[in-house]
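Each chain, letter by letter, is given below.
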4 protein chains.
Amino acid sequence: MDNNDWRQRLYVMVFQADTAAGRRFDTALLLIILLSLVVVVLDSIDSIHRDYAALLAYIEWGFTLVFAVEYALRLYCSPKPLRYAFSFYGLVDLLAIVPGILAIYYSDAQYLLIIRIIRMLRIFRVLKLRPYLSQANYLLSALRGSKQKIIVFLVSVSTLVTVFGTLMYVVEGPENGFTSIPLSIYWAIVTLTTVGFGDIVPKTVLGQIISAMVMITGYSIIAVPTGIFTAELANAMRGEQLKHNCPTCKKNTHEPAASFCSRCGNALFSKKA
Amino acid sequence: MDNNDWRQRLYVMVFQADTAAGRRFDTALLLIILLSLVVVVLDSIDSIHRDYAALLAYIEWGFTLVFAVEYALRLYCSPKPLRYAFSFYGLVDLLAIVPGILAIYYSDAQYLLIIRIIRMLRIFRVLKLRPYLSQANYLLSALRGSKQKIIVFLVSVSTLVTVFGTLMYVVEGPENGFTSIPLSIYWAIVTLTTVGFGDIVPKTVLGQIISAMVMITGYSIIAVPTGIFTAELANAMRGEQLKHNCPTCKKNTHEPAASFCSRCGNALFSKKA
Amino acid sequence: MDNNDWRQRLYVMVFQADTAAGRRFDTALLLIILLSLVVVVLDSIDSIHRDYAALLAYIEWGFTLVFAVEYALRLYCSPKPLRYAFSFYGLVDLLAIVPGILAIYYSDAQYLLIIRIIRMLRIFRVLKLRPYLSQANYLLSALRGSKQKIIVFLVSVSTLVTVFGTLMYVVEGPENGFTSIPLSIYWAIVTLTTVGFGDIVPKTVLGQIISAMVMITGYSIIAVPTGIFTAELANAMRGEQLKHNCPTCKKNTHEPAASFCSRCGNALFSKKA
Amino acid sequence: MDNNDWRQRLYVMVFQADTAAGRRFDTALLLIILLSLVVVVLDSIDSIHRDYAALLAYIEWGFTLVFAVEYALRLYCSPKPLRYAFSFYGLVDLLAIVPGILAIYYSDAQYLLIIRIIRMLRIFRVLKLRPYLSQANYLLSALRGSKQKIIVFLVSVSTLVTVFGTLMYVVEGPENGFTSIPLSIYWAIVTLTTVGFGDIVPKTVLGQIISAMVMITGYSIIAVPTGIFTAELANAMRGEQLKHNCPTCKKNTHEPAASFCSRCGNALFSKKA
């Protein structure tokens, strides 16, 4: 029982953020994640790698150890260890250890970098336990509510860039840098999203006219995702505000100026209130 | 009658998506369209074209055959074949066959590419038959509702880029890359839409001041299409949910599931309705 | 009196668009303006200017004559000729004639081009007389309503680009292309508005960090003009919809779900209605 | 007492803008700030610095004197001089003098430029005292209301650019210009914000596919800050206008000039109020 109690307290500290110990644990974890990120980033700079590669490798091993201990703790104190191990964050936590271990056999493997960066996703685990959660929920519920509209939008954009890309390939051709349809589609995406690198630019008059059309299209249809998201978010925020219960049937959302419940027809406010 | 019944069943499968067979037909069609697109795109890559041109041509003939059979089926089972043949999708379906046939006589004609890409529009035929339809309708009705505002906006933008383009042509002149007014207008569009290729850039101080004005204008007026579309979309979303009159007080907007008027408390629908 | 009647009819045709003759006059004028614009644009293209300069000059003289006749007609039939002459459109109409006359003495003067392009503003005179007017009014009233907010925004943006531009001048310096503070401010505008020509780019690490801050700032604060305009436009559009008169005090705008007038307290709808 | 009265009157003139003298003082100050800014900017242009360096230095000394006198005045007439000295604007006012004094010892020090530019922040002190204040307040309260959502957004964007930057570093590598992870993250920011300088561009096919994803992500998620800010601003504008409870039915939002509740028809304010 003593052991169980200790595990219980550990669980609260490691997985939750309602206690002072839990908050301190999360803050420490956040700092370590950010530090491990800084090490990865510094190691990629040539001049630093030349001089400090060994030092950075030692530090990386240290972080791997810390993350391994943390992973073990989570497995130990979790009431359902298997369920945790196969949850999204469980896998991300495991991934945080893998590169350090793999690096022993395959040193300097570039693709390990990506796994080391994926550690960063653990920041969201920390954020999840804070007041930001409710704000993130607004944003996510607005995104979810507009999912189908966004798919329609993305399919339309894909069609547009494919058609415009092919047109430019036919009009400008390989001699002006549009060497293939995929590259022309890439150019169309660069132009439609108003990024405009300038590595491939139209040179013929007809190509410039089509480009102008792509740009004005891109400039105008940015209104579509913005409009979708704004309308959904305004909806989500209003939904929150208009919550007052009907005293008779308990329906809990009403129009802003409602006098009577729209479901049962009873007065929402007694005259004496 | 047996024949008619078969045609009827074929019609439901080919033109509608309410049955399992219809959905399977649509999914298969979607896959074939995307595959034919992939073939066109791959064929445009030089290294692939060199090695697999013959193979890709055979595959293209196969797709043409499939689309021809599909077109024949649609003509056969449609209750009004002529009306179908001259409808928007009827013409797009016909266009899907044409390049394969023309390619026999004029091989490698670049402009056939565009027709082969136009096949892609058939994706919308498939999408049309899905839950996305209602979402697409919201977007389209918002676009339609803001048509006149958008025309006013586009005329204003056209005037702006013409005036700014001419100004830059006069200020910078051919020696700085602004070789003609049309090219300068093209530059103004590139700049106003915040694409900014960088192939033509102002070099004189006055030109840079005018450029800065174009950029800030472009940065600010993007608010206009966004504002128009967002306001219309919010309207469309609200409008859809609430529009039936209260028989007592004539309040004409209500919550989607309202049974009683939220203003006067009377039943919205008589008991017999 | 016969003369006066003729002038009156001319006035209706020339200045208004409610009659068939007025609409035909406006359409013809719109076409001539666009044609004169095409001539200016074509004349700026080197290869065309070389071969057709004389022809285009003749056509330009023809347009000048047409605009001169139109200006005379407007002066003649206007009930208050002086007031017209000094109104905005009166001056634009006069400007439409000037370059043709000046060109006789100073041929090929570049700055005349700008006056010839200003003719284009007359398109708005024609648009003004159409159903687009009410839509343009929405947009203008939304712009006017947000004028003060937009000034605050523009002052903030000016401060931002000045501070960031100076910072970059100090950090990057002339050796990396940031040769003076005005040029650095120009670069900051190019970057903040997300145009990104790429003719001047940061090369030091500190410069790239500051650049990243400028970009993220620019990417985020585009929300400000968009938000201002959208909120104002939604307001303007709602204002239009909520118009129903109070039967007692005639107050004509009310909340969507109002049962009683907010000014006089009387019921907005009689029970029998 | 005579002295105190004079100090009081000076305080009103220097710190407030309700009197004609106060407004004139603010306008003069605004002009001097802008002039001192113009001098800094001009001095950075090589050709001007070569010819007029001495003259501009004298003018700068003049401005320093003016700002010193102003600072002394503010200290003298402020009722709580210490509190003023350590307030935000007190420090900015002090900073406006520092560079002139430091320049005597360290002439031409580049970093002094930044302090000289920070003077510009004093423009907001002047703006603060004008009708723009209430408009700026709307914008600020909308920003404050969306602070947490914006932090969630910025953390997500930071994660995105780090992950995408690392991916591009692994995929493209130093041979294509992506020499380190920090530089690749810089590139990801340039691309995600749709700035697109074009100094670093992807060259491999996989790199271009990832780039296209970054661009479309950047193009779509610009909807998020815009949506957040628009929804908050619309809220702030609505909220300001309507917030007083009906004493009878407790309806808590009303039109700005409402005398009677639009729901129950009772007077909103008792006659004595």
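Residues numbered from 1 in each chain as written. Chains lettered and ligands numbered in written order. Predicted model: local features only at pLDDT ≥ 70, side-chain atom pairs only at ≥ 80, totals over all residues. Heavy atoms only, no water.

**Section: the packing of aromatic side chains**
Any two aromatic rings considered together are summarised by their centre-to-centre distance and by the angle between their planes.
Right, so step 1: With the rule as written, the count across this model stands at 28 aromatic pairs over all chains.
Right, so step 2: Seen from their ring centres, Tyr71(C) and Tyr84(C) are 6.1 Å apart, and the 45 degrees between their planes marks the pair as tilted. Here Tyr71(C), found in helix 3 (residues 46-77), pairs with Tyr84(C), found in helix 4 (residues 81-85); they are 13 residues apart in sequence, far enough to count as distant.
Right, so step 3: Relative accessible area serves as the criterion here: at 12%, Tyr71(C) is assigned to the buried category.
Right, so step 4: One aromatic cluster is present, built from ring pairs that chain together Tyr11(A), Phe15(A), Tyr71(A) and Tyr84(A).
Right, so step 5: For Arg74(A), the ring lying beneath its charged end belongs to Phe15(A), and the centroid distance is 5.1 Å.
Right, so step 6: Its end group placed over the ring of Tyr76(D), Arg7(D) keeps NZ or CZ at 5.4 Å from the ring centre. (Phe/Tyr/Trp six-rings, centres within 6.5 Å; stacked < 30°, edge-to-face > 60°. Helix = DSSP H or I, 4+ residues; strand = E, 2+ residues; numbered from the N terminus. Buried < 20%, exposed > 50% of the residue type's maximum accessible area, 1.4 Å probe, protein only. Lys NZ or Arg CZ within 6 Å of the ring centre and 35° of its normal.)

**What to know about the nonpolar core**
For soluble globular proteins, nonpolar side chains are generally found buried alongside one another.
Right, so step 1: Counting 243 residues, the largest nonpolar core has Phe197(A), Leu233(A), Phe197(B), Phe197(C), Leu233(C), Phe197(D) and Leu233(D) as its most contacted members.
Right, so step 2: Leaving out residues up to four positions away in the same chain, Leu233(C) has contacts with Gly227(B), Ile228(B), Ala231(B), Tyr138(C), Leu139(C) and Ala142(C). (Core = buried A, V, L, I, M, F, W, Y, C linked by side-chain atoms within 4.5 Å. Contact = heavy atoms within 4.5 Å.)

**What about the domain arrangement of chain A?**
Right, so step 1: Under the domain assignment used here, chain A contains domain 1 (3-129), domain 2 (136-238) and domain 3 (240-272).
Right, so step 2: Taking only C-alpha atoms, the centre of domain 1 of chain A and the centre of domain 2 of chain A are 38 Å apart. (Domains from an automatic or database assignment.)

**What about the UniProt feature "transmembrane region" (unreviewed entry) in chain A?**
Residue and element names in this part refer to chain A.
Right, so step 1: Those residues carrying the UniProt feature "transmembrane region" (unreviewed entry) are residues 28-46, 52-73, 150-171, 183-202 and 209-229 in this numbering.
Right, so step 2: Along residues 52-73 one finds 100% helix and 0% strand; the C-alpha atoms at either end are 32 Å apart.
Right, so step 3: In residues 150-171, the share of helix is 100% and the share of strand is 0%. The end C-alpha atoms are 31 Å apart. (UniProt positions renumbered as here; feature names shortened; annotations may be inferred.)

**Brief notes about the interface of chain B and chain C**
Right, so step 1: If you look at the interface, chain B gives 52 residues, while chain C gives 53 residues.
Right, so step 2: Surface buried jointly by chain B and chain C totals about 4,400 Å² across both partners, of which 74% is contributed by carbon and sulfur atoms.
Right, so step 3: There are zero salt bridges connecting chain B and chain C.
Right, so step 4: Here chain B and chain C share three residue pairs in polar contact (both at pLDDT 80 or more) between them. (Buried area = accessible area lost by both parts, 1.4 Å probe. Salt bridge = Lys/Arg side-chain N within 4 Å of Asp/Glu carboxyl O. Polar contact = N/O pair within 3.5 Å; in protein donor to acceptor, adjacent residues only side chain to side chain.)

**Notes on the relation of the copies chain B and chain C**
Right, so step 1: Once chain B is rotated about the relating axis by 90 degrees and shifted along it by 0.1 Å, it coincides with chain C to within an RMSD of 0.7 Å. The superposition operator between the copies reduces to a four-fold rotation axis.
Right, so step 2: Here only 15% of the contact residues of chain B are again contact residues in chain C; the copies associate through non-equivalent surfaces. (Least-squares fit on C-alpha atoms with pLDDT ≥ 70 in both.)

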